[in-house]
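# An overview of the molecular structure
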Amino acid sequence: MKLSENITGVGHLGIPTADLAGSAAWYEQKLGFRKFYEKTVWNDGKLNVVFLELKDLVIELCEQAQAGRDMQMRGDGILDHFAIDAPDFENCCRRVEDQGLKYHASTPKGAVLYENIGPKGVRGANYVGPNQEVIELCHNCSVNYGYRTGLQGWSHLAVKVSDLQASVSFYEILGFTKVGEGYLDTPDGRLYIGFVDNHGFQLELIQMTGAGLQELKSRGAGHIDHIALNVKDAKEAFYEARKAGCRVSDLVLKELPFFEHGIRYFMILGPDGEKIEINQRLSW
Ligand SMILES: [Fe+2]
Ligand SMILES: [Fe+2]
């Protein structure tokens, strides 16, 4: 089974934290997430995790015992920001601002209209999460949201890339298809953007240039650590990923006793070093 047939869509977004309880409460109280699982395991030291969901958007908050210093060193990463769909955009922004959320430096005045993304443009405002992660509220002007109001789960995950075509080709190996494009004019020059989709989950691949491209080279895993994709069979994916030429950063498949029967997983690296967890939830 090819990797593209094995992958069944998005699993979770992994965010490291030095304050698990505080972060989980933040997502629950300010954005309406629901905690549905928590566990402490031994994985290179003591690891506490909490899983939270907002419709189809699942966040894995990870608190690693000795990772305090590593946490402080982290900046914005290759996985730059994640975006939540906001049909009634102004209301959603007002509500999160009433909860005390502050604009991120990337949108210092709040809401921005990106008129050259998608057929009719996109409205977005970036806020700062409890671990300095960038959270965008996003309204796609081409989408008919019907009567839906309030935060709707996944809009997209933004990845800053150094070679858009190489990244599109890489994500095609994982079963993504290109569904849209656009551009953004910045002081650095024009940033070309491609959207790729896998079972309704979209990545916004942003081609960096100029100073932003130089800065990208210094980025690693940042405040957003990894994105997890679900597979039917992790053993087969582990073999197929190598065969397809993916950079697999684990020598062996790993297992953790999460959920009823455990998970089996491994990490691969995208073209710019972004971390992608390939994850099978075991069911026997
Ligand atoms: Fe994860
Ligand atoms: Fe975005």
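Residues numbered from 1 in each chain as written. Chains lettered and ligands numbered in written order. Predicted model: local features only at pLDDT ≥ 70, side-chain atom pairs only at ≥ 80, totals over all residues. Heavy atoms only, no water.

### What about the UniProt feature "domain: VOC" (unreviewed entry) in the protein?
The UniProt record annotates "domain: VOC" (unreviewed entry) at residues 9-140 and 153-281. When the span residues 153-281 is considered, its composition is 22% helix and 47% strand, and the gap between its end C-alpha atoms is 21 Å. (UniProt positions renumbered as here; feature names shortened; annotations may be inferred. Helix = DSSP H or I, 4+ residues; strand = E, 2+ residues; numbered from the N terminus.)

### Concerning empty space enclosed by the protein
The tally for this structure, following the rule as stated, stands at one cavity of 30 Å³ or more. If you add up the space inside the largest cavity, you get close to 40 Å³. The residue makeup of the lining of the largest cavity, split by class, is four nonpolar, three polar and three charged. (1 Å grid on protein atoms, 1.4 Å probe; cavity = no way out; pocket = protein on both sides within 12 Å on 5 of 7 lines; lining within 4 Å. Points joined across faces, edges and corners; volume = space filled by probe spheres on them. Nonpolar A, V, L, I, M, F, W, Y, C, P; charged D, E, K, R; others polar.)

### Some points on the pattern of salt bridges
Summed over all chains, the structure comprises 15 salt bridges. Residue Lys 243 pairs with Glu 240 through a salt bridge whose shortest N-O separation is 3.7 Å. A residue pair is termed a helical-turn pair when its members lie 3 or 4 positions apart in one helix, as Lys 243 and Glu 240 do in helix α7 (residues 234-243) at three residues. On the basis of relative accessible area, Lys 243 is assigned to the exposed category, the value being 58%. The class of Glu 240 is buried, set by a relative accessible area of 13%. Here Asp 250 makes a salt bridge to Lys 254, at a shortest N to O gap of 3.1 Å. (Salt bridge = Lys/Arg side-chain N within 4 Å of Asp/Glu carboxyl O. Buried < 20%, exposed > 50% of the residue type's maximum accessible area, 1.4 Å probe, protein only.)

### Here's the deal with the sheet that holds strand β12 (residues 201-207)
Strands sit in the order β6-β7-β8-β5-β9-β12-β11-β10 across an open sheet of eight strands; the sheet is mixed. Each end of this open sheet is capped by a strand with a single partner; those strands are β6 (112-114) and β10 (177-186). Geometrically, the sheet is characterised by an average inter-axis angle of 30° between neighbouring strands, direction not taken into account. Taken together, the six bridges between strand β11 (residues 189-198) and β12 define a ladder with antiparallel strand orientation. Paired with Asn 198 across the two strands is Phe 201, which belongs to β12. Across the sheet, helix α4 (residues 89-98) is in contact with β7 (122-128) and β8 (134-140); its angle to β7 comes to roughly 5°. (Pairing = 2+ DSSP bridges. Axes fitted to C-alpha atoms, helices over the stretch in contact; angles between N-to-C directions. Contact = heavy atoms within 4.5 Å.)

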